[in-house]
Amino acid sequence: MLGTDFVHGSPNWIDIGSPDTAATAEFYSAVLGWTFVSAGPDAGGYGFFQVDGKTVGAVGPLTEEGARSAWMVYFQSDDAAATTQAVLKGGGTVRAEPMDVMGEGWLAQYTDPHGARFAVWQPGKTKGLGRASDDNSLVWVELMAKDPTAAIAFYKGLFDWRHQDMQTPGMVYRVLSVADGDFEQGSFGGVAPRDAMPTETLPPPRWIPYFMVADVDDVVRRTQGAGGSVVMPATDVPDVGRMAWLSDPHGAHFAVLKPDPRMG
């Protein structure tokens, strides 16, 4: 699972664009116990979600015309300019060219060839998230893909990810790991076929963040009580844990997971 010793290709940041950042901060505070901390008067309304003083994500206002609220997953890039060229070579789209963020690091945003949006963060003073794979923090990221094989080939061209197939009920799940080291220790996410979701909840291709929680059913109740909705009810997945897919009041999807203790 995820750690905070980030390397090239690791998920190292997440943030959410919202039409009402105050309401979004209030929702995630009620559901996951997060505290909102403003990034300051020059940050354009951007701010951080924290647990015990450590950053677990961020929120900012929507900046693109017609954009909908959604979580954005960032992967570490050792060279954002080189990653941008690799995105273009692989058939992806550059939505935001690499830019220096006040010395904290460089970011760029893209859309993969199948429509899933993602971003990269090249660390400067800010290395990435301060907490992961702990209660109420990021533990996994998942790509819902039209064509998992093609998707993995695209991202391999950017980050040289490895993958292993895992047979699950009704589908083959591809587990992702960074390029070097022990596969299991470097694993951080997976790719699932988009059509494995029930038809009525079929999402567009997208990256979904999973947050580790102590009690999935309690988080589901909190989500509904705070104005969110249930996309996929809480369920037990063999050898994985108990999980649910949820949506905040502005339609941003996320998932929660209580890992099987044997997976630690």
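That block above? That's the structure.
Residues numbered from 1 in each chain as written. Predicted model: local features only at pLDDT ≥ 70, side-chain atom pairs only at ≥ 80, totals over all residues. Heavy atoms only, no water.

### Quick word on the overall build of the protein chain
For the protein chain, the count of helices and strands is five helices and 16 strands. The C-alpha radius of gyration computed for the protein chain amounts to 17 Å, which stays within 12% of the reference 18 Å derived for 264 residues, consistent with globular compactness. Referenced to the eigenvectors of the C-alpha coordinate spread, the extents of the protein chain come out at roughly 45 × 40 × 35 Å. Burial analysis of the protein chain (264 residues in total) assigns 48% to the buried set. The contacts of the protein chain with a sequence gap of at least 6 include a subset with a gap of at least 24, amounting to 58%. Here the protein chain displays about 12,100 Å² of accessible surface, and carbon together with sulfur accounts for 50% of that area. Considering the protein chain, the positive charge centre built from 19 side chains and the negative charge centre built from 32 side chains are found 2 Å apart. (Helix = DSSP H or I, 4+ residues; strand = E, 2+ residues; numbered from the N terminus. Rg over C-alpha atoms; globule rule 2.2 N^0.38 Å. Buried < 20%, exposed > 50% of the residue type's maximum accessible area, 1.4 Å probe, protein only. Contact = heavy atoms within 4.5 Å. Areas by Shrake-Rupley, 256 points an atom, 1.4 Å probe, with all protein chains shown as cover. Lys, Arg positive; Asp, Glu negative; His and termini not counted. Charge placed at Lys NZ, Arg CZ, Asp CG, Glu CD.)

### Topic: the side chain of S247
In this fold, S247 is placed in strand β15 (residues 241-247). Overall, the relative accessible area of 6% leaves S247 in the buried class. In this view, S247 contacts F27, T223, G228, S229, V231, A252, H253 and F254; residues no more than four positions away in its chain are not counted.

### Considerations on the packing of helix α1 (residues 21-32) against helix α5 (residues 216-225)
Direction vectors running N to C along α1 and α5 enclose 150°, while the axes themselves pass 8 Å from each other. When the interaxial angle is binned, α1 and α5 end up roughly antiparallel. The way α1 lies across α5 gives a crossing that is right-handed. On α5, the residues that touch F27, A30, V31 and L32 of α1 are V219, R222 and T223. Here the contact of α1 with α5 is built from residues that sort into five nonpolar, one polar and one charged. (Axes fitted to C-alpha atoms, helices over the stretch in contact; angles between N-to-C directions. Parallel < 35°, antiparallel > 145°, perpendicular 65-115°, else oblique. Left-handed = near helix turned anticlockwise from the far one by under 90°. Nonpolar A, V, L, I, M, F, W, Y, C, P; charged D, E, K, R; others polar.)

### Description of α5
What α5 keeps buried is the set V216, V219, V220 and T223. For α5, the buried positions fall inside an angular range of 105° around the axis, keeping them on one side. Exposed residues on α5 whose side chains face more than 90 degrees from its buried face are R221 and G225. Buried-residue contacts for α5 involve α1, β14 (229-237), β15 and β16 (253-259). Measuring from the side-chain oxygen of the N-cap residue of α5 to the backbone nitrogen of D217 gives 3.1 Å; that N-cap residue is D215. (Arc of directions from axis to C-beta. Polar contact = N/O pair within 3.5 Å; in protein donor to acceptor, adjacent residues only side chain to side chain.)

### Some points on the side chain of T55
When you line up the elements, T55 lands in strand β4 (residues 54-61). Residue T55 is classed as buried on the basis of its relative accessible area, which comes to 14%. Engagement of the side chain of T55 in a polar contact is seen with the side chain of Q50, the distance being 3.4 Å. For T55, the contacting residues outside a window of four places in its chain are W13, F48, F49, Q50, L129, G130 and R131.

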